[in-house]
Amino acid sequence: MTNISGPHIHRVGNFQELVATPFKGALNAICWTRTLRGDFFEIVQKVERTGNITVIETEELRALQLTEQGSIARDILLNDLQLLEAHGASPVLNLISHYERDDTFPFFPTDVYSFHVDRSPIATDTMLCTYYGESSEILPNEQGEKKVMIPEIRAALKKIYQGTAEGFEQFLSDNFFDLHYQAKPGAQIISTGIGNLWRLAVDHPESLVPPCLHRAPKEKPGEPRLLLIC
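Residues numbered from 1 in each chain as written. Predicted model: local features only at pLDDT ≥ 70, side-chain atom pairs only at ≥ 80, totals over all residues. Heavy atoms only, no water.

(A) Here's a closer look at the overall build of the protein chain. Scanning the protein chain for helices and strands turns up six helices and 12 strands. The C-alpha radius of gyration of the protein chain comes to 19 Å, within 12% of the 17 Å expected for a compact globule of 230 residues. Considering the protein chain as a whole, with its 230 residues, one finds that 49% of them fall into the buried category. Contacts in the protein chain between residues at least 24 apart in sequence constitute 78% of all its contacts with a sequence separation of at least 6. Roughly 11,800 Å² of accessible area belongs to the protein chain as shown, and the carbon and sulfur atoms make up 52% of that amount. (Helix = DSSP H or I, 4+ residues; strand = E, 2+ residues; numbered from the N terminus. Rg over C-alpha atoms; globule rule 2.2 N^0.38 Å. Buried < 20%, exposed > 50% of the residue type's maximum accessible area, 1.4 Å probe, protein only. Contact = heavy atoms within 4.5 Å. Areas by Shrake-Rupley, 256 points an atom, 1.4 Å probe, with all protein chains shown as cover.)

Here is the structure:
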């Protein structure tokens, strides 16, 4: 795991710079680097979990009985949510014990633990921040290989596919196979870190840059993640 650096990453010092800095060239990930105060673990402990992924609503967050340090952490969460909502985003605050694993095709899982890109029919970005637990990971584009272009994987997918040769690429898209990547040998995986708010490029029709390759980390047993994402 490497530090936050590279030609595809740009660091900024505030929210306005985060949302206003354009993606260009190889640059497809922008990071508002922060060291946050407060006790986010207290919030993790006091939220009532409702499954593998618990969505923490604003009203529930405000209602928690917290210590001074827990209250500082809550204010940061509420402020981040407000900033993103004012920007026109729809942020969600999740407490995650684990995501469901995809076992439909064991040789080619398409869950979020696999390096992938986000795709949208309209212009948008992915925003995320890990406040507690294992943090998301980024793979530089030049250090990743599209899985559907790896000969043995492509051959295995063609055995599954039952349609005409002309429809094979659509089959890959319909099943999200074309969104996933494999790290090349020696790849330098980058941790997004704790408290940093990220803006990642998405695959959409108006994008001028390659979409950012990223994945969810494997959670530590008994240590859920507190994640904001939109």
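There's plenty left to go through after this.
(B) Seen up close, the layout of surface pockets. There is about 390 Å³ of room inside the largest pocket. Taken together, 23 residues line the largest pocket, and the ones lying closest to its centre are Val112, His116, Asp118, His214 and Ile229. In this structure, the second largest pocket spans a volume of roughly 160 Å³. If you trace the second largest pocket, you find it lined by Val19, His87, Gly88, Ala89, Ser90, Thr124, Asp125, Met127, Arg199 and Cys230. (1 Å grid on protein atoms, 1.4 Å probe; cavity = no way out; pocket = protein on both sides within 12 Å on 5 of 7 lines; lining within 4 Å. Points joined across faces, edges and corners; volume = space filled by probe spheres on them.)

(C) Representation of the nonpolar core in the model. Judged by nonpolar contacts, the single largest core of 33 residues is most densely connected at Tyr131 and Leu226. Those elements that provide at least two residues to this core are helix H1 (15-20), strand E2 (29-32), helix H2 (40-46), helix H4 (68-86), strand E4 (92-96), strand E5 (125-132), strand E10 (197-201) and strand E12 (225-229). Counting residues per element, this core draws most heavily on H4, which supplies seven residues. With residues up to four places along the chain from it excluded, the contact list for leucine 226 reads Phe40, Val44, Ile56, Leu77, Leu93, Asn94, Leu95, Cys129, Thr130, Tyr131 and Tyr132. By size, the runner-up hydrophobic cluster in this structure holds 15 residues, among which are Ala29, Leu128, Ile190 and Ala216. (Core = buried A, V, L, I, M, F, W, Y, C linked by side-chain atoms within 4.5 Å.)

(D) Main features of helix H5 (residues 151-160). Residues of H5 that are buried: Ile153, Arg154 and Leu157. Down the axis of H5, the smallest arc covering the buried residues is 100°, so these residues share one side. Opposite the packed face of H5, turned more than 90 degrees from it, sit the exposed residues Pro151, Glu152 and Lys159. Of the surrounding secondary structure, the elements contacted by the buried residues of H5 are helix H6 (168-174) and strand E8 (181-183). (Arc of directions from axis to C-beta.)

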